[in-house]
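Structure at a glance
Listed here are the chains, written in short residue letters.
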Amino acid sequence: MIKFEQVSKTYPGGQRALSKVNFHVAPGEMAFLTGHSGAGKSTLLKLISIMERPTVGRVLINGHDLNVIKRRQIAYIRRDIGMIFQSHQLLMDKSVFDNVALPLIIEGYTHKETSRRVHAALDMVGLRAKARDLPIMLSGGEQQRVGIARAVVNKPPLLLADEPTGNLDPKLSMEIVRLFEDFNQAGVSVLIATHDLGLIARMRYRTLTLKDGCMITDGLDDGSQESYS
Amino acid sequence: MSLLFKGRPQGAKDSRVGLVQTLFMICVAHVRQGLSSLGELWRQPVASVMTVAVLGLSITLPSTLYILVKNTEKISAGWEQASEISLFLKKETNAASSQQLLTRLKTWPEIDSVTFIPADDALKEFQQLSGLGDAMAYLEANPLPDVVLVTPAEKYVTPAAAQRLLEKLKQQREVDVGKLDIEWLERLYGLLDIARELVTLIGGLLFISVVLIIGNTIRLNILSKKDEILVMKLVGATDAFIHRPFLYTGFWYGLLGGLIAWLAVIIILWWMDSSIQAFASLYQKEFNITGLTGSALLTMLGLSVTLGLVGSLISVQRHVREIEPK
């Protein structure tokens with residue numbers, strides 16, 4: 001589903017964020033991406049959503065090389081990728097319903113279809129009753145779940161999450177990860193970047209570890225090794 | 001259709017709806033975005049009114065000048081009818097041959113009427129009007145020739161036709177000198193040409209400044225919505241989708257500005273009307289300003305909407321591109 005081939009990324013100014021990263025996340029797989037701050041997690045996710053382009057190497061999604069995607073095609077690529085951010089990226093002056101409906105409005109769904117799908121997505125994250133509220137009235141965990149509902153509302157085959165549990169306590173974090181598991185069981189490929197090692201240890205999923213831009217471990221993290229730092 | 005996942009539907013185009021419904025949905029989306037842009041203007045009344053007023057007043061000035069020039073052309077077209085040809089006859093022409101000339105000229109189809117002014121009458125008139133009456137008494141003989149005033153027929157009043165008629169009249173053996181009294185008219189036309197060019201020039205400069213002002217206003221709008229644009233780009237909005245509300249804002253600025261300009265022109269012309277009437281009465285002429293027709297309104301609205309759209313288009317092309325999620 002996601003394949004990195006010898007990917008390096010050097011930012012203008014010479015800062016090297018990733019060097020020669022190779023990995024492959026299979027369709028329907030769920031994986032964690034970890035490493036301490038500045039290890040290159042965010043950069044890796046940005047290469048997948050084409051917010052950045054690799055300096056060297058290829059990033060492939062479903063066998064398609066992202067290097068050949070032109071600027072005006074990026075919008076269409078992002079419609080296939082559900083993205084969840086630590087900072088939610090919600091529109092604070094729009095209701096929860098409008099926030100979740102945004103991807104569908106952009107894609108031009110009918111009002112009826114939009115309404116049906118938004119309510120289904122809000123149902124999944126348990127926020128159906130708060131559709132008319134503004135995000136500012138919700139708790140941090142609820143805001144994150146609105147972001148998740150927005151990411152999955154158009155049923156993308158691929159879900160990326162950047163520190164989705166960053167501001168949440170362990171119990172709420174677990175709820176969020178359980179949500180991702182639900183989507184994964186429905187066939188969605190999921191890649192979650194997090195530095196919450198405790199969470200990873202409890203989940204027993206494949207874990208990709210970055211250190212200073214290099215992929216140092218790729219495999220099942222059994223929680224015994226906390227050695228990357 | 002998704003670029004990455006073959007067969008994955010993306011949006012209304014691929015979901016199972018008919019062409020008619022797809023088109024209908026596109027129209028609905030446009031109406032919704034158009035109205036929401038209007039709503040945004042409504043929520044910031046002071047800023048919106050100022051922008052619209054700048055646009056409206058900038059169009060008012062060239063429009064008013066244009067209408068005034070057009071009307072002046074119309075009046076002068078009326079004056080042209082009166083253009084007259086003066087024929088000064090040779091000294092040796094006697095009364096009988098003058099009369100013959102008059103009779104001949106009256107048969108010409110180009111000529112509407114002729115008036116004969118004998119040299120003695122002309123001298124008397126000159127003495128009265130010039131104030132040189134006493135000096136004239138010292139003259140041994142009347143220096144003035146007999147004069148025939150020719151008024152061309154309606155078809156021959158244009159400068160070119162009158163000029164041709166003049167050449168023909170000069171061929172007559174009794175005629176010494178012929179003079180066509182249209183020089184002042186040509187000067188007026190020259191002035192009108194300059195005025196027309198001024199209108200174009202002032203209009204052009206003001207239109208450019210309007211485009212820049214609208215562009216800058218839209219730029220500020222874009223910057224104030226930076227977060228929203230970022231989120232929209234993150235969830236897969238195309239540039240065109242993001243541009244649309246701003247283009248609608250430009251459209252509304254243009255439409256409202258055009259209406260203000262129209263109102264302003266009406267008020268200005270109404271205000272000037274009394275002085276124009278007073279001026280026209282000096283010439284014993286009835287004169288009403290025209291030009292505020294439906295087509296003038298449409299032209300002004302069209303122009304104004306175009307300026308609004310061009311301004312916002314330039315701005316969105318430049319500034320939406322600069323906002324990229326990082």
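We now examine the confidence of the model for chain A. Residue and element names in this part refer to chain A. Here chain A shows a mean pLDDT of 88. Residues at 70 or above account for 96%. Summarising per-element confidence for chain A, the mean pLDDT is lowest in strand β10 (residues 214-220) (79) and highest in strand β8 (residues 189-193) (94). This model gives residues 222-229 a pLDDT under 50, and the stretch forms 12 contacts once residues within four places in sequence are excluded.

Right, let's talk about the interface of chain B and chain A for a bit. One frequent convention defines the size of an interface as the accessible area lost when the parts assemble. With 28 residues of chain B at the contact, the number on the chain A side is 35 residues. In this assembly, chain B packs against chain A so that about 3,100 Å² is buried in total across both faces, 60% of it on carbon and sulfur atoms. Across the chain B-chain A interface, the total number found is seven residue pairs in polar contact (both at pLDDT 80 or more). Among the elements of the structure, α1 (19-43), α8 (226-234) and α9 (239-282) of chain B are those that each provide at least two residues to the side of chain B that touches chain A. In terms of residue class, the side of chain B that touches chain A is built from 12 nonpolar, seven polar and nine charged.

As a further point, take the environment of Glu197 of chain B. All names here are of chain B. Of note, Glu197 is situated in helix α7 (residues 183-224). Residue class for Glu197 comes out exposed when judged on its relative accessible area of 59%. Along the sequence, Glu197 and Thr64 sit 133 residues apart, while their C-alpha atoms lie 14 Å from each other.

Bringing the pairing of strand β9 (residues 206-211) of chain A into the picture now. Residue and element names in this part refer to chain A. Counting buried positions along β9 gives five out of six residues, so the element sits mostly inside the fold. Sheet topology places strand β3 (residues 30-34) next to β9; four bridges connect them, and they run parallel. Bridging across to β9, Ala31 finds its partner in Arg206.

Let us now look at the nonpolar core. Residues and elements named next belong to chain A. Within the largest apolar cluster, 39 residues are counted, with the highest numbers of intra-cluster contacts made by Val100, Leu122, Leu159 and Phe180. Among the elements of the structure, β3, α3 (96-107), α4 (111-124), α5 (140-152), β7 (158-162), α6 (170-185), β8 and α7 (197-203) are those that each provide at least two residues to this core. For this core, the element with the most residues is α6, which contributes six residues. In terms of nonpolar packing, the next biggest core, distinct from the first, is built from 36 residues, Met1, Val25, Leu47 and Ile74 among them.

This paragraph deals with the sheet that holds strand β4 (residues 56-61) of chain A. All names here are of chain A. Ordered by their spatial adjacency, four strands build an open sheet running β2-β1-β4-β5, and the pairing between neighbours is antiparallel. Each having just a single partner strand, β2 (16-25) and β5 (64-65) make up the two edges of the open sheet. Note that strand β1 (residues 2-10) and β2 share six bridges and pair antiparallel. Along β2, the bridge assignment pairs Lys9 with Leu18. Helix α1 (residues 41-48) contacts β1, β2 and β4 of the sheet and is inclined by roughly 120° relative to β1.

Right, let's get into the sheet that holds strand β2 (residues 111-117) of chain B. All names here are of chain B. Taken in spatial order, the four strands line up as β2-β3-β1-β4 in an open sheet, and their pairing is antiparallel. Each edge of the open sheet is held by one strand with a lone partner, namely β2 and β4 (175-180). On average, each strand axis in the sheet is inclined to that of its neighbour by 20°, with strand direction left out of account. When strand β1 (residues 85-89) meets strand β3 (residues 147-152), the two strands line up antiparallel, connected through four bridges. Following the sheet pairing, Phe88 is matched in β3 by Val147. Here helix α6 (residues 159-170) sits on the sheet in contact with β1, β2, β3 and β4, set at roughly 175° to β4.

Each value, and the rule that gives it
Residues numbered from 1 in each chain as written. Chains lettered and ligands numbered in written order. Predicted model: local features only at pLDDT ≥ 70, side-chain atom pairs only at ≥ 80, totals over all residues. Heavy atoms only, no water. pLDDT = per-residue confidence, 0-100. Helix = DSSP H or I, 4+ residues; strand = E, 2+ residues; numbered from the N terminus. Contact = heavy atoms within 4.5 Å. Buried area = accessible area lost by both parts, 1.4 Å probe. Polar contact = N/O pair within 3.5 Å; in protein donor to acceptor, adjacent residues only side chain to side chain. Nonpolar A, V, L, I, M, F, W, Y, C, P; charged D, E, K, R; others polar. Buried < 20%, exposed > 50% of the residue type's maximum accessible area, 1.4 Å probe, protein only. Pairing = 2+ DSSP bridges. Core = buried A, V, L, I, M, F, W, Y, C linked by side-chain atoms within 4.5 Å. Axes fitted to C-alpha atoms, helices over the stretch in contact; angles between N-to-C directions.

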